[in-house]
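The residues making up each chain are set out below.
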Amino acid sequence: MNEPVFNPSLMAILGTGLCIKDNGIAAQQGFHDCALDVSLLPAMVRRRTSLATRVAISAATRACANADSSQQLPAIFVSLSGEIQVTDKLCRAIAKNDYPLSPTQFHNSVHNTASSYWSMAADSQAPMMAMAALEDGFALGLLESWCQLQTGAEKVLLVVYEEEAPQYLLPDYHWQPCAVSLVLGQAENTTVSVSCPLQSGSVSKPTTESCISSQNPAMAALPLLKTLISNQSGKHRIEVSQGSTAWLAEVIIP
């Protein structure tokens with residue numbers, strides 16, 4: 001099989017952010033100082049947001065700070081299940097005829113909840129996008145970021161996040177709440193950069209009856225962060241998806 005040829009137009013990695021709620025899990029993965037940080041949210045808002053939104057905003061805040069960047073950036077928020085815990089509570093209330101429904105839970109149940117809270121907390125009027133792409137969320141989030149940078153955006157904020165789904169909906173799947181964020185921009189020769197991802201066509205994992213990864217799909221971004229931490233010069237080819245078909249990207253460290 002021919003090796004994939006990556007597009008020469010790269011994206012600069014200007015800043016990264018990570019949030020893993022469980023410090024023990026974070027340490028097992030080799031990361032530290034990535035606990036929840038929702039200081040950007042007003043206290044009243046903080047109390048009524050879901051864990052999914054809180055990990056997403058924590059990672060986004062860190063990425064912007066790491067990039068020394070304004071938070072008023074075009075943003076892409078990617079999640080497989082979004083506000084699944086809130087949506088589950090609403091559905092169970094409806095099944096029990098438990099009315100009236102909570103207005104807060106209702107408006108927190110949509111897939112663009114995290115991006116909406118981010119735009120308000122960051123006082124950003126930049127375009128926001130909410131995406132879902134099963135296990136390929138990080139790969140397709142990178143692809144969408146690349147497209148936006150090719151069509152006029154100077155910088156883009158990418159946030160990939162998940163919380164744990166209710167066990168009766170996804171039995172035996174114990175996701176760890178996690179979010180990864182990148183500030184991406186126009187690449188120069190001296191910047192750490194990443195390519196537009198490509199689908200290789202090869203099967204990276206045995207297929208199963210389930211189309212959902214047993215590992216939190218947001219964790220597909222962790223190999224990229226580990227590559228950056230290694231700080232080894234050269235081109236590094238990494239997988240950027242938890243899916244059954246491999247998506248690859250190249251990270252270039254000068």
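Residues numbered from 1 in each chain as written. Predicted model: local features only at pLDDT ≥ 70, side-chain atom pairs only at ≥ 80, totals over all residues. Heavy atoms only, no water.

1. Things to note about the overall build of the chain
Link 1 in the chain: Of regular secondary structure, the chain possesses 8 helices and 9 strands.
Link 2 in the chain: Expected size for 254 residues packed as a compact globule is a radius of gyration near 18 Å; at 18 Å, the chain falls within 12% of this value.
Link 3 in the chain: Seen through its C-alpha atoms, the chain measures out along the principal axes to roughly 60 × 45 × 35 Å.
Link 4 in the chain: Within the chain, buried positions represent 52% of all 254 residues.
Link 5 in the chain: Roughly 12000 Å² of accessible area belongs to the chain as shown, and the carbon and sulfur atoms make up 52% of that amount.
Link 6 in the chain: Taking the average place of the 14 positive charges on the side chains of the chain and the average place of its 21 negative ones, the gap between the two points comes to 7 Å. (Helix = DSSP H or I, 4+ residues; strand = E, 2+ residues; numbered from the N terminus. Rg over C-alpha atoms; globule rule 2.2 N^0.38 Å. Buried < 20%, exposed > 50% of the residue type's maximum accessible area, 1.4 Å probe, protein only. Areas by Shrake-Rupley, 256 points an atom, 1.4 Å probe, with all protein chains shown as cover. Lys, Arg positive; Asp, Glu negative; His and termini not counted. Charge placed at Lys NZ, Arg CZ, Asp CG, Glu CD.)

2. A look at the pairing of strand 4 (residues 155–162)
Link 1 in the chain: Counting buried residues along strand 4, 7 of its 8 residues qualify, which places the element largely inside the surrounding structure.
Link 2 in the chain: For strand 2 (residues 75–78) and strand 4, the ladder comprises 4 bridges, and the chain directions are parallel. What sits directly across from Phe77, in strand 4, is Val159.
Link 3 in the chain: Pairing geometry for strand 4 and strand 5 (residues 178–186), over 8 bridges, is antiparallel. Directly across from Val160, in strand 5, lies its bridge partner Val180. (Pairing = 2+ DSSP bridges.)

3. Structural notes on the confidence of the model for the chain
Link 1 in the chain: When pLDDT is averaged along the chain, the result is 89, and 93% of the positions lie at 70 or above.
Link 2 in the chain: Model confidence for the chain, summarised as mean pLDDT per element, is weakest for strand 7 (residues 198–203) at 74 and strongest for strand 2 at 98.
Link 3 in the chain: Here residues 206–210 is modelled with pLDDT under 50, and outside its nearest four sequence neighbours on either side it reaches 2 contacts, counting other chains as well. (pLDDT = per-residue confidence, 0-100. Contact = heavy atoms within 4.5 Å.)

4. Overview of unusual backbone geometry
Link 1 in the chain: Each neighbour pair has its own omega, and for Tyr99 with Pro100 the value is 0°, a cis peptide bond.
Link 2 in the chain: Structurally, the position occupied by Pro100 is in the loop between helix 4 (84–95) and helix 5 (103–107).
Link 3 in the chain: The residue Asp123 is not glycine, and still its phi comes out positive at about 55°.
Link 4 in the chain: Assignment of secondary structure puts Asp123 in the loop between helix 6 (113–121) and strand 3 (128–131).

5. Examining the environment of Asp88
Link 1 in the chain: Within the fold, Asp88 resides in helix 4.
Link 2 in the chain: Placed 77 residues apart in sequence, Asp88 and Met11 show a C-alpha to C-alpha distance of 37 Å.
Link 3 in the chain: With near-sequence residues (within four places) excluded, Asp88 lies in contact with Pro166, Tyr168 and Leu169.

6. Things to note about the nonpolar core
Link 1 in the chain: Counting residues in hydrophobic clusters, the biggest one holds 40 residues, and the most contacted among them are Leu18, Phe138, Leu182 and Leu224.
Link 2 in the chain: Listing elements by their share of this core, those giving two or more residues are strand 1 (11–20), helix 1 (23–28), strand 2, helix 7 (137–150), strand 4, strand 5, helix 8 (222–230) and strand 9 (245–253).
Link 3 in the chain: No other element matches helix 7, which puts 5 residues into this core.
Link 4 in the chain: If sequence neighbours within four positions are ignored, Leu18 has contacts with Phe31, Cys34, Ala59, Arg62, Cys178, Ala179, Val180, Leu222 and Leu225.
Link 5 in the chain: Core analysis: the second largest hydrophobic core is formed by 26 residues, Leu41, Cys64, Val159 and Val183 among them. (Core = buried A, V, L, I, M, F, W, Y, C linked by side-chain atoms within 4.5 Å.)

7. Here's the deal with helix 7
Link 1 in the chain: Look at helix 7: 20 Å from first C-alpha to last across 14 residues, which is about the 20 Å you get at 1.5 Å a residue.
Link 2 in the chain: Where helix 7 is concerned, the buried positions are Gly137, Phe138, Ala139, Gly141, Leu142, Ser145, Trp146, Gln148 and Leu149.
Link 3 in the chain: Backbone geometry just after helix 7 places Gly152 at a positive phi near 125°. (Expected span 1.5 Å × (residues − 1).)

8. Some points on the side chain of Ser69
Link 1 in the chain: Tracing the sequence through the fold places Ser69 in the loop between helix 3 (51–66) and strand 2.
Link 2 in the chain: Residue class for Ser69 comes out buried when judged on its relative accessible area of 13%.
Link 3 in the chain: Filtering out sequence-adjacent residues up to four positions away, Ser69 remains in contact with Cys64 and Lys155.

9. Some thoughts on the packing of helix 3 against helix 6
Link 1 in the chain: One can describe the packing of helix 3 onto helix 6 by two numbers: an axis separation of 9 Å at closest approach and a directional angle of 45°. Between helix 3 and helix 6, the angle falls in the class oblique. In the crossing of helix 3 with helix 6, the sense of the turn from one axis to the other is right-handed. Here Thr53, Ala56, Ile57, Ala60, Thr61 and Cys64 of helix 3 come into contact with helix 6, specifically with Thr113, Ala114, Tyr117 and Trp118.
Link 2 in the chain: Here the residues of the contact of helix 3 with helix 6 are counted per class, giving 7 nonpolar, 3 polar and no charged. (Axes fitted to C-alpha atoms, helices over the stretch in contact; angles between N-to-C directions. Parallel < 35°, antiparallel > 145°, perpendicular 65-115°, else oblique. Left-handed = near helix turned anticlockwise from the far one by under 90°. Nonpolar A, V, L, I, M, F, W, Y, C, P; charged D, E, K, R; others polar.)

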